[in-house]
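If you want the building blocks of each chain, they are given just below.
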Amino acid sequence: MFRKCWLTLTTLSLAVTSSLAFATNSSVSDMTTAEVKGADVADSVAPELTTKVTGKESVVANQYMVAAANPLAVEAGYKVLASGGSAADALVAVQTVLGLVEPQSSGLGGGAFLVYFDAENDLLTTYDGRETAPLAVRPELFLDKNGKPLKFFDAVVGGRSIGTPGTVKLLADMHQKYGTKAWESLFEPAINYANNGFTVSQRLASSIERDKERLSRYPETQSYFFTPDGQPIKQGSQLVNKAYAQTLNILAKEGGEAFYTGKIAQDIVAKIHGVSDNPGYLELEDFATYKVVQREPVCAPYRQYDVCGMGPPSSGALTIGQILGIVSHFDLKTLGPNNPMSWQIIGDASRLAFADRGRYIADSDYVPMPHGLLDENYLAQRAALIEKGKALTEVTPGNPPWDVPVAYADDQSIELPSTTHIVIVDKQGNVISMTSTIENGFGSRVMSNGFLLNNELTDFSFATHKNGYPIANRVEPGKRPRSSMAPTIVFKDDKPYLAIGSPGGSRIIGYVAQSLIAHLDWRMDIQDAISMPRMVNRFGTYDLEQGTEAASFKPVLEKMGYQVEVRDLNSGLHGVLIGNGELVGGADPRREGVVLGD
């Protein structure tokens, strides 16, 4: 492993206000990837809006800890750990409950990336449970009859956008390798809530209300999320899901393979082909041949630390690594979080990294990629482009070292995922950092066997070429779409130091990078680093979190030359510090997640 280190300074207390104004995402409904620059399309709006901000404090434990996006899911994982279960055991309980209580974000019909530290073997590895494109897809998947890219939600809603789900296979593979509890027992909490009902949270109810038009499109989805008289279910309602309980019972008794070779897969394929207004292409062969891929982690040095995460098809670790590699050439520790110069450096480093991301990063099993995106000399060259006090007027992809350069056009995908992040540390010191998703909020809006199916294929570029050059992230049979998910484990002296990650579309990268800098450069407590107001720049516009002190940076950033937008920024970070004989966890106040441990 690399051995460079994060240094840390003083804490900045930027309190998040108790309520944040809403924005709408209706502008995306009619957006096509041809109408704006490809890079500027991605996440022009947040995938989920803040409904409530709750003050939270760090949680301290000594033996084990779990952090996730809903208290019921965290409690389920906590009980598994308390009874001696492993992190892999707890993961099954957490994810199956999350798929029920926050179905807009993740579930059995989606996919995930997982970074895992195996304490017994002192080994860090990653597992790619990303969805795959059907073997029957063609390049024109998201083009209309005139060869033009479809409007975003015309592509999303229905069967066309659905890729082969990977979450169940990932859970099963992890349990087979690292589980200690009986597989069947781990489904009991989710089965109980599905059969007997759970209380609908404010977050779920508000998400249904905002998406009620699209959720009403298909009968099975409508009947679940709406009352018999057609009204969206309200906060505080009891929601029962017998079909989900039946699915979980099958998986509990027959194992994860039952999802890919039995009635569940058959039902999904039939449902996708039966969507009359927008059918899809998944076949039973796609399920039968799906595999989770174990990959080498991507580790980037920063100060005296190694920041490790998921490589392609995720862009998370590479892009975060580039951001940190660029800002390492500046003294952020001395500048501190109150200095606008810090944010100019972070913002332009992010823009430079995103330019490379948009051109080069895709599923490396399908397209060649530069090997030198994290090359020290290359990042020094990129850092030299930043002029203190003046925003970069133009940002273009660089020329990183690689063996056989290939000319690519810039990506033209629209990435609006609604995701969730889970961190688990068990008594043995095993660590899981996993980001899980069904892509857009409520995915494809198509439901089968009690769970929603993803719309992951819209993470591909809708266009395949531009000006005669291929786009690396174009759709191809069996290919995995590029993602921004960034499950991360930071190492200090070759030992796990921090596990962290977030939902939030391509802003995930900025959320995680900012939190790392806040904790490791500015000495913020992990909860303060997670709670601090978000400031993100990917493509030139500086997004500042409304209702917080971040908005006060608007005039000075504009004077530097940035276009600035004050807006809702709904991160959902979870992080656990590991070391010094204790665990310290934090959960994002913008969502309903919690941390539990002993």
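Predicted, not measured: the structure shown is a model, and the values here were computed from it.

Enquirer: For the UniProt feature "binding site: L-glutamate" (unreviewed entry) in the protein chain, give the residues involved together with the corresponding values.
Expert: Sites flagged by UniProt as "binding site: L-glutamate" (unreviewed entry) map to Arg130, Asp459, Ser483, Ser484 and Gly505. Along the chain, the position of serine 484 falls in the loop between β15 (469-470) and β16 (488-492). Judged by relative accessible area, which is 0%, serine 484 ranks as buried. Within polar-contact distance, the side chain of serine 484 engages the side chain of arginine 357 at 2.6 Å. Secondary-structure assignment places glycine 505 in the loop between β17 (495-501) and α18 (507-520).

Enquirer: Describe helix α14 (residues 316-327), and please don't skip the residues or the numbers.
Expert: Over its 12 residues, α14 extends 17 Å from the first C-alpha to the last, a length consistent with the 16 Å expected when each residue adds 1.5 Å. For α14, every residue scored as buried is listed here: Gly316, Ala317, Leu318, Thr319, Ile320, Gly321, Gln322, Ile323, Leu324, Gly325, Ile326 and Val327.

Enquirer: Can you tell me about the packing of aromatic side chains, naming the residues and giving the values?
Expert: In total, this model carries 20 aromatic pairs according to the counting rule given. Measuring from centroid to centroid gives 5.4 Å for phenylalanine 225 and phenylalanine 442, while their planes differ by 75°, and the two rings are edge-to-face. Within this pair, whereas phenylalanine 225 is found in helix α9 (residues 219-225), its partner phenylalanine 442 is found in the loop between β11 (431-437) and β12 (447-448), the two being separated by 217 residues in sequence. The class of phenylalanine 225 is buried, set by a relative accessible area of 0%. What makes phenylalanine 442 buried here is its relative accessible area of 2%. Pairing phenylalanine 259 with phenylalanine 287 gives two aromatic rings, centres 6.3 Å apart and planes at 45°, and the pair type is tilted.

Enquirer: So what's going on with the state of the cysteines? Residues and values would help.
Expert: Simply put, the disulfide is a covalent bond whose two ends are the sulfur atoms of two cysteines. Evaluation of the coordinates by the stated rule reveals 1 disulfide. Each sulfur in the disulfide pair cysteine 299 and cysteine 308 lies 2.0 Å from the other. Residues cysteine 299 and cysteine 308 are joined by a disulfide whose S-S torsion is about 115°; by sign, that bridge is right-handed. Taking relative accessible area as the criterion, cysteine 299 reaches 14% and is therefore assigned buried.

Enquirer: Now, about the UniProt feature "active site" (unreviewed entry) in the protein chain: what can you tell me, with residues and values included?
Expert: UniProt records the feature "active site" (unreviewed entry) at Thr419, using the numbering of this structure. For threonine 419, the position within the fold is in strand β10 (residues 419-425). When near neighbours in sequence (up to four residues on either side) are disregarded, threonine 419 contacts Ser105, Thr435, Ser436, Thr437, Met485, Ser502, Pro503, Gly504, Ile508 and Arg591. Among the polar contacts listed, one links the side chain of threonine 419 to the backbone nitrogen of glycine 504, at a separation of 3.3 Å.

Enquirer: Outline the pattern of salt bridges, listing residues and values.
Expert: Tallied over the entire structure, the rule returns 27 salt bridges. Two residues, glutamate 131 and arginine 130, come together in a salt bridge whose shortest N-O distance is 3.8 Å. An identical accessibility class is assigned to glutamate 131 and arginine 130; each is buried. Across the pair glutamate 545 and arginine 590 runs a salt bridge whose closest N-O atoms are separated by 2.9 Å. On the criterion of sequence distance, the pair formed by glutamate 545 in strand β19 (residues 541-545) and arginine 590 in the loop between β22 (582-587) and β23 (594-597) is long-range, its members being 45 residues apart. As far as burial versus exposure is concerned, glutamate 545 and arginine 590 are alike and both buried. In the salt-bridge network here, residues are joined through shared partners; they are Asp128, Arg295, Asp365 and Arg480.

Enquirer: Describe the sheet that holds β23, and please don't skip the residues or the numbers.
Expert: The antiparallel open sheet is built from 7 strands, whose spatial order is β7-β4-β3-β11-β10-β2-β23. In this open sheet, the two strands that pair with only one neighbour each are β7 (293-295) and β23. Across the sheet, the mean angle separating the axes of adjacent strands is 15° when strand polarity is ignored. With 4 bridges joining them, strand β2 (residues 65-68) and β23 adopt antiparallel strand pairing. Note that in β23 the partner of methionine 65 across the bridge is glycine 597.

Each value, and the rule that gives it
Residues numbered from 1 in each chain as written. Predicted model: local features only at pLDDT ≥ 70, side-chain atom pairs only at ≥ 80, totals over all residues. Heavy atoms only, no water. UniProt positions renumbered as here; feature names shortened; annotations may be inferred. Helix = DSSP H or I, 4+ residues; strand = E, 2+ residues; numbered from the N terminus. Buried < 20%, exposed > 50% of the residue type's maximum accessible area, 1.4 Å probe, protein only. Polar contact = N/O pair within 3.5 Å; in protein donor to acceptor, adjacent residues only side chain to side chain. Expected span 1.5 Å × (residues − 1). Phe/Tyr/Trp six-rings, centres within 6.5 Å; stacked < 30°, edge-to-face > 60°. Disulfide = S-S within 2.5 Å. Contact = heavy atoms within 4.5 Å. Salt bridge = Lys/Arg side-chain N within 4 Å of Asp/Glu carboxyl O. Pairing = 2+ DSSP bridges. Axes fitted to C-alpha atoms, helices over the stretch in contact; angles between N-to-C directions.

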